[in-house]
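# Structural overview for review
This is what each chain is made of:
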Amino acid sequence: MKPRVLLCWGYHRQAWVEPFERLADRFEFTFLSELNPSAEQSRRTSLPVVYWDDFRSAAELLDALAPRKIVMMSVASGRAIALNLAAQSRGIPTYVLQHGLFQSFASYKALLASLQATGDAAGAPAGGGGRKTLAYLLRSMAPTQITQLPAIAAYFAVSRARTQLEARRWVRGAFRRPSGFICYTHLGTRIYRELHRAKDADFELIGIPEFDAFFDGEASVETEPYALLIDTPLAENRYGQRLVTKDEMVRFYESLNAHCERLGLRLKVKLHPASHGQSWQPRLPNIDWYEDADIVSLVRRATHCYSFHSNLMIPVVYSRPTCLLRLIPSPEIDHMVELGVAVAADFHGFRPEAVDFGRVRHRGAGFERFIRDYLFATDGRSCDRLGAILER
């Protein structure tokens, strides 16, 4: 019988579900993310899905599903905390798995300070800790865990008064602590050390499962050459916040496209999932917009790439000469430039003709350090390493 693993994990992004789809022949996976079907943004998996509202408590949920292990995106929401507590009382290991290019606490604080409301603040994340959440928590807790209620109440109070990020830094406790952390590389451990005071023994490093395919062979450049932009939702997101206006983004797209046309290149833009279904981007004849795509081929066949701060910038920098686009200070972008594996330019005042891709080096000590810090390994076996942890 295959081991049962509960995935407290979003399944509306293909990249998030792909590693588990690849491991489905070895495990019996079940996804848990939304309260009920009406809350789903989309479903990108064929694996079983359950909903929080299917069960009166996390204890009832675990008794019904009987997972051997639980993989979580974080232990931050009220229901995730309830699940973590119920798992602890039953001796079920819980793992927080990294799912993006995680930054330091200071970097996240700077990002939050830079965000501007767009007038649609209704989508902003709530602090949590309402009556329904409290009732769910109480029904999920073992009697011996009731002593943790004051810390839990303090956590929700700080979440409401400040931000959830600050609550996670300032209010620590066993109620939010998973059994272990599975990270891409040693850099991915930083935020967990800050938010949980996690130590070296708490981490297992595996590489980036969703990028294993980038290390399987090579691809030739397409007959019609193109530059690739890895986009990110700077002007609009589902939380009703932005870093720039739509007009600023349109001018950026138009400027980059004009430069590509002068070089005889098409411009292909890979949209972030949060930008799917939007229609405000300029629909110019020389620009191809991609929501879902074979991202490996799209990257490998590009003559060169541009990328905003994104998890996807890692394989892009590894694969092609890349210009990283800075909007706010980014230690990761600065580090990659220092290593010589990419060049960078500021979004404001961006002049694509001034970018010198000839400075990019894909060999030598800087490139090897980039692999160690951001990829862990290039053997294409990150997913296998994840599976080995879940099978133990």
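## Notes on the packing of helix 3 (residues 78-90) against helix 5 (residues 131-140)
Viewed as axis vectors pointing N to C, helix 3 and helix 5 meet at an angle of 5°, and their least axial separation amounts to 9 Å. It follows that helix 3 is roughly parallel to helix 5 by the angle criterion. Contacts between helix 3 and helix 5 involve Gly78, Arg79, Ile81, Ala82, Leu85 and Ala86 from the first element and Thr133, Tyr136, Leu137 and Ser140 from the second. Grouping the amino acids of the contact of helix 3 with helix 5 by side-chain chemistry returns six nonpolar, three polar and one charged.

## Observations concerning the nonpolar core
In this structure, Leu61, Leu62, Ile70, Ile81, Leu83, Tyr155 and Tyr192 are the most contacted members of the largest nonpolar core, which totals 42 residues. Top element by residues in this core is helix 3. It accounts for seven residues. The residues contacting Ile70, other than those within four sequence positions of it, are Leu6, Leu62, Leu83, Ala87, Ile92, Pro93, Thr94 and Tyr95. Formed by 32 residues, the second largest nonpolar core is a distinct cluster that contains Ala302, Leu312, Ile333 and Met336.

## Quick notes on the sheet that holds strand 15 (residues 343-346)
Spatial strand order, 12-11-9-13-14-15: six strands in an open sheet with parallel pairing. Edge positions in the open sheet fall to strand 12 (287-290) and strand 15, since each of these has one partner strand only. Sheet twist, expressed as the mean angle between neighbouring strand axes with direction ignored, is 20°. When strand 13 (residues 304-308) meets strand 14 (residues 322-326), the two strands line up parallel, connected through four bridges. Its bridge partner being in strand 14, Phe308 is matched across the sheet by Leu325. Across the sheet, helix 9 (residues 246-262) touches strand 9 (226-230), strand 11 (266-270), strand 12, strand 13 and strand 14, and the angle it forms with strand 11 is around 140°. Sitting on the sheet, helix 12 (residues 331-339) touches strand 14 and strand 15, and the angle it makes with strand 14 is about 150°.

## Some points on the pairing of strand 9
In terms of residue burial, strand 9 counts as a mostly covered element, since five of its five residues are buried. Burial along strand 9 is two-sided: the face carrying Tyr226, Leu228 and Ile230 and the face carrying Ala227 and Leu229 are both buried. Pairing of strand 9 with strand 11 involves five bridges; the strand directions are parallel. Looking across to strand 11, one finds that Ile230 is bridged to Lys270.

## Examining unusual backbone geometry
Unusually for a residue other than glycine, Arg197 sits at a positive phi of about 55°. Its place among the elements puts Arg197 in the loop between helix 8 (190-196) and strand 8 (203-205). Located in the positive-phi region is Phe376, a residue other than glycine, with phi close to 75°.

## A look at the side chain of Thr94
With respect to the helices, strands and loops of the structure, Thr94 is situated in strand 5 (residues 94-97). Side-chain polar atoms of Thr94 contact the side chain of Asn84, separated by 3.0 Å. When near neighbours in sequence (up to four residues on either side) are disregarded, Thr94 contacts Ile70, Met72, Asn84, Ala87, Pro178, Ser179 and Gly180.

## Regarding the pattern of salt bridges
Taken as a whole and assessed by the stated rule, the structure comprises 22 salt bridges. A salt bridge links Glu28 to Arg4; the shortest N-O distance between them is 3.4 Å. Placement of the pair is Glu28 in strand 2 (residues 28-32) and Arg4 in strand 1 (residues 4-8), with a sequence separation of 24 residues. Under the relative-accessibility criterion, Glu28 is labelled partly exposed at 34%. Overall, Arg4 belongs to the partly exposed group, its relative accessible area being 31%. Of the charged contacts, one joins Asp53 and Arg79 as a salt bridge, the two residues approaching to 3.8 Å between their closest N and O atoms. In this pair, Asp53 is assigned in the loop between strand 3 (49-50) and helix 2 (58-65) and Arg79 in helix 3, connecting sequence segments 26 residues apart.

## Quick look at the environment of Ser179
Mapped onto the elements of the fold, Ser179 is located in the loop between helix 7 (164-170) and strand 7 (180-183). Counting along the chain gives 135 residues from Ser179 to Arg44, while the straight-line C-alpha distance between them is 28 Å. Ignoring anything within four residues of it in the chain, the contact list for Ser179 reads Ile92, Pro93 and Thr94.

## Description of the environment of Ser279
Considering the arrangement of structural elements, one finds Ser279 in the loop between strand 11 and strand 12. Sequence separation between Ser279 and Val355 is 76 residues; the distance between their C-alpha atoms is 29 Å.

Procedures and definitions
Residues numbered from 1 in each chain as written. Predicted model: local features only at pLDDT ≥ 70, side-chain atom pairs only at ≥ 80, totals over all residues. Heavy atoms only, no water. Axes fitted to C-alpha atoms, helices over the stretch in contact; angles between N-to-C directions. Helix = DSSP H or I, 4+ residues; strand = E, 2+ residues; numbered from the N terminus. Parallel < 35°, antiparallel > 145°, perpendicular 65-115°, else oblique. Contact = heavy atoms within 4.5 Å. Nonpolar A, V, L, I, M, F, W, Y, C, P; charged D, E, K, R; others polar. Core = buried A, V, L, I, M, F, W, Y, C linked by side-chain atoms within 4.5 Å. Buried < 20%, exposed > 50% of the residue type's maximum accessible area, 1.4 Å probe, protein only. Pairing = 2+ DSSP bridges. Polar contact = N/O pair within 3.5 Å; in protein donor to acceptor, adjacent residues only side chain to side chain. Salt bridge = Lys/Arg side-chain N within 4 Å of Asp/Glu carboxyl O.

The values reported here are purely geometric and, on their own, carry no functional implication.
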